[in-house]
Structures are given as C-alpha cells and as structure tokens.
Amino acid sequence: MTKKSKAYTLIELIVIVVITAAVILAVIVISRMSRNSAAGKTMACQANVATMNTHIEVYYAEKGSWPSALTDITNDTNCFPKGSFACPAGGIYSINSTTHRIFCNAPGH
Ligand SMILES: [Zn+2]
C-alpha cells in the first residue's frame, strides 16, 4: 500500500502560478482599457466644447451679443448640420452666462 502525498506536485504548483498570473494580467489589461476609454471620451468632449466655444465667438462677432442659450448656436444648421454635439460620457452641455463658455457637467470634463 502506497502512502499518498498531501503536498502539491511541481506540475500542480506550475498550473496554480500560471492561472494566477493570467488572472492578474487580465485585471491589468481590463483596467487599462477602461481607463483609456474614459480618457478618450474626455478628450472627445473637450474637442466638442472647444468647437462650440469657437462658434460662440463667431456668434458674438456676427450678432454683437452673446448667445443666451446653447440652442442659439446649435440650431444654426450651417455650423451644426447634424444638430448639437453630445458628450460621449453622457454629460450635458450648458453655457456659463458669466464667462460665455460651454461647460460639461460630466465628472472630470
Ligand atoms: Zn463631457
């Protein structure tokens, strides 16, 4: 009768190490992908804001007054043929009535 060892064999240890390493690698990759996605959305939002701020300046130059609402500039189909921009992260754009600049209410935008 042979006595069965309760210790792990080398093969079992290697399998455990490989699985653990794969899980850690997957967590790192998924974490980086989601972070890059969020950074991309923030950059796209900032580009939208910069474009709309430029149109606010054009509006002021043409009309001599600041737009009172965002729709004053986004309803111009020559500038926004597809309608107003939308924040890729789901934020809502508004005009600051003091600075006459667009801001997004999404966190970090
Ligand atoms: Zn945004």
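How each quantity is defined
- Residues numbered from 1 in each chain as written.
- Predicted model: local features only at pLDDT ≥ 70, side-chain atom pairs only at ≥ 80, totals over all residues.
- Helix = DSSP H or I, 4+ residues; strand = E, 2+ residues; numbered from the N terminus.
- Rg over C-alpha atoms; globule rule 2.2 N^0.38 Å.
- Buried ≥ 20, exposed ≤ 12 C-beta atoms within 10 Å, placed from the backbone.
- Contact = placed C-beta atoms within 7 Å.
- Core = buried A, V, L, I, M, F, W, Y, C linked by C-beta atoms within 7 Å.
- Expected span 1.5 Å × (residues − 1).
- Pairing = 2+ DSSP bridges.

Draft legend 1. Structural detail: the overall build of the protein. Secondary structure assignment for the protein yields 2 helices and 2 strands. Helices and strands in the protein line up, N terminus first, as α-α-β-β. Relative to the globule expectation of 13 Å for 109 residues, the C-alpha radius of gyration of the protein, 27 Å, shows a markedly less compact shape. Taken over the C-alpha atoms alone, the protein extends approximately 100 × 25 × 15 Å along its principal axes. By the burial criterion, 9% of the 109 residues in the protein qualify as buried. The long-range fraction of contacts in the protein, counting pairs at least 24 apart against all pairs at least 6 apart in sequence, stands at 46%.

Draft legend 2. Unusual backbone geometry, seen in detail. Phi is positive for His100, which is not a glycine, with a value near 60°. Note on placement: His100 falls in the loop between β1 (93–96) and β2 (101–104).

Draft legend 3. Inspection of the nonpolar core at higher detail. Core analysis: the biggest nonpolar cluster contains 7 residues, these being Cys45, Met52, Ile73, Tyr93, Ile95, Ile102 and Cys104. Going through the elements one at a time, α1 (10–63), β1 and β2 are the ones with two or more residues in this core.

Draft legend 4. Inspection of α1 at higher detail. With 54 residues, α1 extends 79 Å from end C-alpha to end C-alpha; this agrees with the ideal 80 Å at 1.5 Å per step. Little of α1 sits out of view: just 3 of its 54 residues are buried. Against α2 (71–74), β1 and β2 lie the buried residues of α1.

Draft legend 5. A look at the environment of Asn53. By the secondary structure assignment, Asn53 is in helix α1. For Asn53, a count of 17 C-beta atoms within 10 Å gives the class partly exposed. In this structure, the C-alpha to C-alpha distance between Asn53 and Ile73, residues 20 residues apart in sequence, is 9.7 Å. Apart from residues lying up to four places away in sequence, Asn53 is in contact with Arg101 and Ile102.

Draft legend 6. Just the environment of Asn105, in detail. Position of Asn105 among the secondary structure elements: in the segment after β2. Taking the C-alpha atoms as reference, Asn105 lies 10.0 Å from Ala89; in sequence the two are 16 residues apart. Sequence-distant contacts of Asn105, defined by excluding residues within four places in its chain, comprise Gly91 and Ile92.

Draft legend 7. Up close: the pairing of β2. Along β2, the buried face is formed by Ile102 and Cys104; none of Arg101 and Phe103, which line the opposite face, is buried. The turn linking β1 back onto β2 is made up of 4 residues, and His100 within it adopts a positive phi angle of 60°.

Draft legend 8. Fine view of the environment of Cys45. Locating Cys45 in the fold gives a position in helix α1. Sequence-wise, Cys45 and Phe103 are 58 residues apart; in three dimensions their C-alpha atoms are separated by 9.7 Å. Aside from chain neighbours lying at most four places away, what touches Cys45 is Cys87, Pro88, Ala89, Gly91, Cys104, Ala106 and His109.

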